[in-house]
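# Summary of structural features
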Amino acid sequence: MSGRKETVLDLAKFVDKGVQVKLTGGRQVTGTLKGYDQLLNLVLDGALESVRDHDDPLKTTDQTRRLGLIVCRGTAVMLVSPTDGTEEIANPFNQPEAV
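To keep things clear, this report deals only with the structure shown in the data block. Sequence order as written defines residue numbering, which begins from 1 separately in each chain. Under the rules for a predicted model, residues below a pLDDT of 70 receive no local features and side-chain atom pairs below 80 are neither given nor counted, while totals for whole chains, interfaces and linings still include all residues. With hydrogens and water stripped out, all remaining heavy atoms of the structure feed into the side-chain values.

## Comments concerning the overall build of the protein
Convention followed: Numbered from the N terminus, helices here are DSSP runs of H or I no shorter than four residues, and strands are runs of E no shorter than two. Residue exposure (1.4 Å probe, protein chains only): buried if accessible area is under 20% of the type maximum, exposed if over 50%, otherwise partly exposed. Contacts: residue pairs with any heavy atoms within 4.5 Å of one another. Calculation of accessible area relied on Shrake-Rupley with a 1.4 Å probe; when residues are assessed, cover is drawn exclusively from the protein chains displayed.
Assigned secondary structure in the protein consists of zero helices and five strands. In the protein, which comprises 99 residues, the proportion classed as buried is 22%. Within the protein, contacts between residues at least 6 apart in sequence are counted, and of these 43% link residues at least 24 apart. Within the structure as shown, the protein displays about 7,800 Å² of accessible surface, and the carbon and sulfur contribution to it stands at 51%.

## A few points about the layout of surface pockets
As a reminder of what qualifies: Using a grid of 1 Å spacing that covers the protein atoms alone, one calls a set of points a cavity when a 1.4 Å probe fits there but cannot get out, and a pocket when the set is open and has protein on both sides within 12 Å along at least five of seven lines; lining residues are those with an atom within 4 Å of a point. Grid points are joined across faces, edges and corners, and a volume is the space filled by probe spheres set on the points. Here the term charged refers only to Asp, Glu, Lys and Arg, the term nonpolar to Ala, Val, Leu, Ile, Met, Phe, Trp, Tyr, Cys and Pro, and the term polar to all other amino acids, Gly among them.
Approximately 560 Å³ is the volume found for the largest pocket. Contributing elements (two or more residues each) for the lining of the largest pocket: strand E1 (18-23), strand E2 (28-36), strand E3 (42-52), strand E4 (60-72) and strand E5 (77-82). In terms of residues, the lining of the largest pocket owes the most to one element, E4, which gives five residues. Of the residues contributing to the lining of the largest pocket, the split by class is six nonpolar, 12 polar and six charged.

## What to know about the environment of Lys17
As for its placement among the helices and strands, Lys17 is situated in the segment before E1. A relative accessible area of 44% means that Lys17 is categorised as partly exposed. For the pair Lys17 and Leu33, spaced 16 residues apart in the sequence, the C-alpha separation amounts to 5.9 Å. Discounting residues that sit within four places of it in the chain, Lys17 has contacts with Gly31, Thr32 and Leu33.

## So, the sheet that holds E3
What counts is decided by this rule: We call two strands paired when DSSP finds no fewer than two bridges between them. Lines are fitted to the C-alpha atoms to define the axes, a helix being fitted only along its stretch in contact, and any angle between axes, read from their N-to-C directions, falls within 0 to 180 degrees.
Spatially, five strands are ordered E4-E3-E2-E1-E5 in an open sheet, and the strand pairing comes out antiparallel. Each having just a single partner strand, E4 and E5 make up the two edges of the open sheet. When the angles between neighbouring strand axes are averaged without regard to direction, this sheet yields 30°.

## What about the nonpolar core?
When a protein is soluble and globular, its nonpolar side chains tend to lie buried together. For clarity, the threshold we go by: Take the buried Ala, Val, Leu, Ile, Met, Phe, Trp, Tyr and Cys residues and link them wherever side-chain atoms come within 4.5 Å; each set so joined is a nonpolar core.
Counting 15 residues, the largest nonpolar core has Leu42, Leu44 and Val77 as the members making the most contacts within it. When residues of this core are traced back to their parent elements, those giving at least two are E1, E2, E3, E4 and E5. Residue contacts for Leu44: discarding those within four places in its chain leaves Val19, Val21, Val29, Gly31, Thr32, Leu33, Gly68, Leu69, Ile70 and Cys72.

Here's what the structure looks like:
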């Protein structure tokens, strides 16, 4: 086994493309991936943070906050997904309330 560390993710295919990043603590950021390293530190350009609901911090609102060029520390990254080809759908497990 070589002494070289490699990440589990192959992020090279997402460079210069839009990605959505979920971070520990519930923060969610969308931007263009400009770079990364073996520790999963990410550089995003044109980053927008989805503002969370004040009443329920687990939910995000339609409001965004422009952050610009940012570095997401690898230890805080939980999920990286492309923005192209993804869309938000209604939760199929939510039961309608009985009247």
